[in-house]
Amino acid sequence: MKIVYLKEDGGIAVLQPTDELPIQQVARKDVPFQVPYIFADDSVIPEDRTFRNAWSADFSNPDGYGLGPQRWFIEQAETEIAQIDARPQTNDPAILKARQDRVAELQALIERMKAEVLQIEGVHL
């Protein structure tokens with residue numbers, strides 16, 4: 001299974017996901033923000049790449065829309081922070097410190113990704 005989306009220049013992009021993430025997560029992460037994508041069986045992707053710029057695809061009923069890597073990482077970091085906050089309270093100083101350090105690390109990642117969105121798209125998140 002591959003991920004297919006329309007590039008800015010009008011060409012078709014084909015992504016071959018690895019098994020590191022589910023295909024749905026790869027599509028959300030690697031397809032640019034608000035760009036529709038479809039999942040296509042390998043058999044419908046032409047093997048001959050000679051005329052790749054002439055390929056077409058129907059995006060009228062997409063399987064989803066991309067978030068882009070920055071928004072995807074923000075979402076993942078926010079989810080992890082919520083999971084840390086939902087853990088049972090503890091008085092163990094080592095555990096508290098580890099949690100605080102991880103949350104600080106994730107918050108720094110979120111701020112870096114927001115800055116990248118602003119730089120790339122001119123949008124404040």
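Residues numbered from 1 in each chain as written. Predicted model: local features only at pLDDT ≥ 70, side-chain atom pairs only at ≥ 80, totals over all residues. Heavy atoms only, no water.

Draft legend 1. Representation of the pairing of strand β2 (residues 12-15) in the model. The sheet contact formed by strand β1 (residues 2-6) and β2 spans 4 bridges and is antiparallel. Along β2, the bridge assignment pairs V4 with V14. Where β1 hands over to β2, the hairpin turn is made up of 5 residues, of which G10 adopts a positive phi near 95°. (Pairing = 2+ DSSP bridges. Helix = DSSP H or I, 4+ residues; strand = E, 2+ residues; numbered from the N terminus.)

Draft legend 2. Here's a closer look at the environment of I23. Note that I23 resides in helix α1 (residues 23-30). The contacts of I23, once residues within four sequence positions are left out, are M1, K2, I3, P17 and F39. (Contact = heavy atoms within 4.5 Å.)

Draft legend 3. Representation of the packing of aromatic side chains in the model. Within the structure shown, the criterion is met by 2 aromatic pairs. Seen from their ring centres, W72 and F73 are 5.0 Å apart, and the 80° between their planes marks the pair as edge-to-face. The class for F73 is partly exposed, based on a relative accessible area of 34%. Over the ring of W72 we find K29; its NZ or CZ atom is 5.9 Å from the centre of that ring. Its guanidinium or amino end placed over the ring of F33, R71 lies 3.5 Å from that ring's centre, counting from NZ or CZ. (Phe/Tyr/Trp six-rings, centres within 6.5 Å; stacked < 30°, edge-to-face > 60°. Buried < 20%, exposed > 50% of the residue type's maximum accessible area, 1.4 Å probe, protein only. Lys NZ or Arg CZ within 6 Å of the ring centre and 35° of its normal.)

Draft legend 4. Examining the pattern of salt bridges more closely. Within this structure, the stated rule accounts for 7 salt bridges. The closest approach of N and O atoms between K2 and D42, which form a salt bridge, is 3.2 Å. Residue K2 is located in strand β1, and its partner D42 is located in the loop between β3 (36-40) and β4 (64-65); the two are separated by 40 residues in the primary sequence. The residue E121 makes a salt bridge to R71 at a minimum N-O spacing of 2.8 Å. With E121 in helix α3 (residues 93-121) and R71 in helix α2 (residues 68-86), this pair connects stretches of sequence that are 50 residues apart. Sharing partners across several salt bridges, the network here consists of E80, R102 and E105. (Salt bridge = Lys/Arg side-chain N within 4 Å of Asp/Glu carboxyl O.)

Draft legend 5. Summary view of the sheet that holds β2. Sheet architecture is open: 4 strands sit in the order β2-β1-β3-β4, paired in antiparallel fashion. Each end of this open sheet is capped by a strand with a single partner; those strands are β2 and β4. The strands that α1 touches are β1, β2 and β3; relative to β3, the one it contacts most, it runs at about 150°. (Axes fitted to C-alpha atoms, helices over the stretch in contact; angles between N-to-C directions.)

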